[in-house]
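Architecture and fold: a report
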Amino acid sequence: RQELQQRCCMDARRAEKTGKVLGEFCRCYKEQFGVALFNSVRYEIEGTGGPQAQLLHRKVPLEDHVIYSGNIFQYIEENKKWRNRFCMVPHNYGLVLYENKLAYERQLPPRVLINSAGYKILTSVEQYLELVNNSLPGVTPKSGHSSILKCPTDFPLILWHPYARHYYFCVMTGKEQEKWRAVFQDCVRHCNNGISEDSKVEAPAFTDAIRMYRQSKEQYGTWDMLCGNETQVLSNLVMEELLPELRSTIAPRLKGKAPERQRTWIQVSDAVYRMVYELAKEQYDAAVARCEQERPQLESTIRTDMDQIITSKEHLASKIRAFVLPKAEVCVRNHVQPYISSILEALMTPTSQGFAEVREVFFKEVTDMNMNVVNEGGLEKLVEYMEKLSHLAFHPVKMQSCYEKMDQLKLEGLQQRFDVSSTSVFKQRAQIHMRQQMDDAVHTFETLLHQELGKLQGKDDLCKSIQRILERVLKKFDYDSSTVRKKFFREALLQITIPFLLRKLAPTCKGELAKFQELIFEDFASFILVENTYEEVVLQSVMKDIMQAVKEAAVQRKHNLYRDSMVMHNSDPNLHLLGEGLPIDWSEEYSGQPEAEPAAERRRRAKQVVSVIQDDEGEPEEAHPGVPPSPPDAVKEIREALAQESLGDARGQPPAEELHMGLPVPRAGPPASPWVSLSQTKGQEVGHGGGL
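Not measured: the values here are computed from a predicted model.

1. As for the packing of aromatic side chains
Given two aromatic rings, their pairing is described by the distance between the two centres and the angle made by the two planes. Summed over the entire model, instances satisfying the criterion amount to 21 aromatic pairs. Between the aromatic rings of tyrosine 163 and tyrosine 273, the centroid separation amounts to 5.9 Å while the plane-to-plane angle is 40°, which identifies the pairing as tilted. Of this pair, tyrosine 163 sits in the loop between strand E6 (155-160) and strand E7 (167-171) while tyrosine 273 sits in helix H7 (residues 258-304), and the two are 110 residues apart along the sequence. For tyrosine 163, a relative accessible area of 8% translates into the label buried. Chaining the aromatic ring pairs together yields one cluster made of Phe25, Tyr29, Phe33, Phe206 and Tyr284. Lying over the aromatic face of tyrosine 403, arginine 189 brings its terminal NZ or CZ to 4.0 Å of the ring centre. A cation over a ring is seen here: lysine 515 above phenylalanine 323, with NZ or CZ 4.8 Å from the ring centre.

Right under this line is the structure:
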């Protein structure tokens, strides 16, 4: 009874702590919602936008397509066995695991649905054990004793999360491991980027509210767990504060040997995370609903009093500027300006190499296609190759050489000086830009080629037309790539330097901000916040130096950047009109098959025909016992598992096992927040990690 009472008290304290954090955040969100709404309406009225993109943007890149599918071994914690699973990655980048391939084709429910936002992909048990040992200090297995995880092969793939449950996989060869790692990394990259760019009010309100909340707790700088959709990010925010308290109360009560205590701790953390997720979703949805209810009245006030609100804000900004700017300029001159060029160079080298690799991969794929079409046959072969090329940007293995360039990004010394917890937010954001630029280039190429096809006569005409269109697209790519990279560099520099400046200025400036509140008319208090205006003034103090640094880098031409004065006029005025048409389906349009496939047959063939990797590489390498892994007893277990899988396929009756269902996968897209956009590194329903 006493233990039950203690547990109830602990649960009540955790719920109270969670409620307090969520309550404070929702207050911040309400404040930021009014500011974001005002900024959105003002931009709608006054905004001019940046340079026009030359490449077309595909609206729905991968609808009804499969990224990858194949067999992989998964460790089932409930029965402590390794099982062969059929894993499918749909267009929304959720990891969906079925009992076997037959279960997928028969549309049986999947075993596991994983949203990989916030996860790290580990390829060695040693890496994993180090993270597990650090998560529960003082509980480490003694040398020679069994650890929390034993992998039957030398090629594990582990999905680790600081709060949610972990997932354990393995394959039989190094080549398979590299392939699956690329696929899993693509899933993480996409799911991390979970706040939709389509939201021009809610997204910036949310990201600014997160930032303001953390700064109120003296937490400046980048945050690795700003990943996933809004509820996932908010759950991470709560767990960041809740976990130390949870560890101090739970850890002393854990029983058993070190591996068993570690395993129990992971389960406890996951259970609390699930609880927090549900509470966060409920309270956040309620906060959004309240703001949406007030939105019509707020928007009406903004449109009616726009000029007065702007005048009031400018008056407030002038007063804050007079107080803050002299101190901010000294801080910039002494602590930021000397390092801007070093930070920029560290960012530019790997990023520009990555975009150069995107250009090279695109050029090579189109050139190879052109040669193959000429050598093997005309239109029929072109359709086959274009079906593959249209998915190039979403091919995890072919794009890996581009993404790997960002692994060189190092901010040694600068990282500690500017309180950058890790470079992962910049790496992932640059990689997302690379994928987008590749898809834009491919989409523009296929649109122009599709327009030309009706005019061509024979192979020679086709070959010359492909080459001519390729050159046109590469010119457009170079211009858009320069624009995207310069914007990325400016945003990255701001995200590194602004938190540093805010922390430096806080002791002398933050306490004095309250006196400026009286300068805001009560009617406009929902749209003008002293804290936001103060940050804008601080941003202005360093913006000139950042713009100048990027401009000078473009003049050097070292990284193939266009000057700001270089404006590429649209040589294809009707191109963007072509982009508004229906998506091109090469296989259906030119296959000569008038009858549509039944839905069930299309699902069965989706893996074989549309799967991006398998188009080029045939059937995936299924895990098999051909390579002698260790330990020996695990080999026997895997062989037995394979035999059972074959038997299960024949009978069509998969063995019973617990099914971890989940929550909806977040939609892709970067957040709309102005200088923190890098922090968020975009039909099937899949669950959050840990089976949430």
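2. Some thoughts on helix H6 (residues 230-250)
Its 21 residues place the ends of H6 28 Å apart at the C-alpha level, agreeing with the 30 Å of an ideal helix rising 1.5 Å per residue. At leucine 242, H6 shows its maximal bend, which comes to roughly 40°, and the proline proline 244 appears one to four places after that position. N-cap assignment for H6: the residue whose side-chain oxygen lies 3.2 Å from the backbone N of threonine 231 is asparagine 229.

3. A look at the nonpolar core
Of all hydrophobic cores here, the largest spans 164 residues; its most connected members are Phe25, Tyr29, Phe184, Phe362 and Phe445. With 25 residues, helix H8 (residues 306-376) is the single largest residue contributor to this core. By size, the runner-up hydrophobic cluster in this structure holds 16 residues, among which are Trp82, Leu122, Val125 and Ile266.

4. As for unusual backbone geometry
Of note, lysine 80 is a non-glycine position whose phi angle comes to about 55°, a positive value. Relative to the elements of secondary structure, lysine 80 occurs in the loop between strand E1 (66-76) and strand E2 (81-90). Positive phi values are uncommon outside glycine, yet glutamate 218 reaches one of about 65°. On the secondary structure map, glutamate 218 appears in the loop between helix H5 (202-216) and H6. Judged by relative accessible area, which is 55%, glutamate 218 ranks as exposed.

5. A closer look at the side chain of serine 352
Here serine 352 lies in helix H8. Setting aside anything within four residues of it in sequence, one finds serine 352 in contact with Arg485, Phe489 and His559.

6. Focus on the pattern of salt bridges
Oppositely charged side chains are able to pair whenever their charged atoms sit close together. Scanning the model with the defined rule gives 30 salt bridges in all. Ionic pairing is found between glutamate 31 and arginine 27, a salt bridge with its closest N-O pair at 3.5 Å. Residue glutamate 31 and its partner arginine 27 are located together in helix H1 (residues 2-46), separated by four residues, close to a single helical turn. Judged by relative accessible area, which is 47%, arginine 27 ranks as partly exposed. Between glutamate 491 and lysine 487 there is a salt bridge, with its nearest N and O atoms 2.8 Å apart. Note that glutamate 491 and lysine 487 are positioned in helix H13 (residues 458-509) at a spacing of four residues, about one turn of the helix. On the basis of relative accessible area, lysine 487 is assigned to the partly exposed category, the value being 45%. What emerges from the salt-bridge pattern is a single network uniting Glu44, Glu202, Glu292, Arg295, Glu299 and Arg303.

7. Things to note about the pairing of strand E3 (residues 95-98)
Burial along E3 is two-sided: Leu95 and Leu97 facing one way and Val96 and Tyr98 facing the other are all buried. Here E2 pairs with E3 via three bridges, running antiparallel. Looking at E3, one finds that methionine 88 is bridged to valine 96. Linkage of E2 to E3, two consecutive antiparallel strands, is achieved through a turn of four residues, within which tyrosine 93 is found at a positive phi near 65°. Of the pairings in the sheet, the one linking E3 to strand E4 (residues 112-114) comprises three bridges and is antiparallel in character. If you follow leucine 97 over to E4, its bridge partner there is valine 112.

8. Here we look at the pairing of E1
In terms of residue burial, E1 counts as a mostly covered element, since eleven of its eleven residues are buried. Linkage of E1 to E2, two consecutive antiparallel strands, is achieved through a turn of four residues, within which lysine 80 is found at a positive phi near 55°. In this structure, E1 lies alongside E7, joined through two bridges in antiparallel fashion. Counted as the bridge partner of glutamine 74 is phenylalanine 169 from E7.

9. Brief notes about the sheet that holds strand E5 (residues 120-122)
Strand order in this open sheet of seven strands is E4-E3-E2-E1-E7-E6-E5, and the pairing throughout is antiparallel. On the outer flanks of this sheet lie E4 and E5, each paired with one strand and no other. Shown here is a sheet whose adjacent strand axes are inclined to one another by a mean of 30°, direction ignored. Helix H4 (residues 174-192) contacts E1, E2, E3, E5, E6 and E7 of the sheet and is inclined by roughly 15° relative to E6.

10. A few points about the confidence of the model for the protein
Considering every residue of the protein, the mean pLDDT works out to 82; 77% of them sit at 70 or more. For the stretch residues 604-632, pLDDT sits under 50, and the model shows 83 contacts to residues farther than four places along the chain or on other chains. Below pLDDT 50 for its whole length, residues 645-692 participates in 183 contacts with residues either more than four positions away or in separate chains.

11. Topic: helix H14 (residues 530-556)
Under the 1.5 Å per step criterion, the end-to-end length of H14 is 40 Å for 27 residues, consistent within 8% with the ideal 39 Å. A bend of about 40° at valine 542 is the largest found in H14. In the segment just after H14, arginine 557 is the residue with positive phi, at about 60°.

12. Some remarks on the packing of H8 against helix H12 (residues 424-452)
With their axes 10 Å apart at the nearest point, H8 and H12 run at an angle of 25° to one another. Taken together, H8 and H12 sit at an angle that is classed as roughly parallel. Classified by chirality, the crossing of H12 by H8 is right-handed. Across from Leu347, Thr351, Gly354, Phe355, Val358, Val361, Phe362, Val366 and Met369 in H8, the residues of H12 making contact are Phe426, Ala430, His433, Met434, Gln437, Met438, Ala441, Val442 and Phe445. In the contact of H8 with H12, the residues fall into 14 nonpolar, four polar and no charged.

How each quantity is defined
Residues numbered from 1 in each chain as written. Predicted model: local features only at pLDDT ≥ 70, side-chain atom pairs only at ≥ 80, totals over all residues. Heavy atoms only, no water. Phe/Tyr/Trp six-rings, centres within 6.5 Å; stacked < 30°, edge-to-face > 60°. Helix = DSSP H or I, 4+ residues; strand = E, 2+ residues; numbered from the N terminus. Buried < 20%, exposed > 50% of the residue type's maximum accessible area, 1.4 Å probe, protein only. Lys NZ or Arg CZ within 6 Å of the ring centre and 35° of its normal. Expected span 1.5 Å × (residues − 1). Bend = angle between axes of the 7 residues up to and from the residue. Polar contact = N/O pair within 3.5 Å; in protein donor to acceptor, adjacent residues only side chain to side chain. Core = buried A, V, L, I, M, F, W, Y, C linked by side-chain atoms within 4.5 Å. Contact = heavy atoms within 4.5 Å. Salt bridge = Lys/Arg side-chain N within 4 Å of Asp/Glu carboxyl O. Pairing = 2+ DSSP bridges. Axes fitted to C-alpha atoms, helices over the stretch in contact; angles between N-to-C directions. pLDDT = per-residue confidence, 0-100. Parallel < 35°, antiparallel > 145°, perpendicular 65-115°, else oblique. Left-handed = near helix turned anticlockwise from the far one by under 90°. Nonpolar A, V, L, I, M, F, W, Y, C, P; charged D, E, K, R; others polar.

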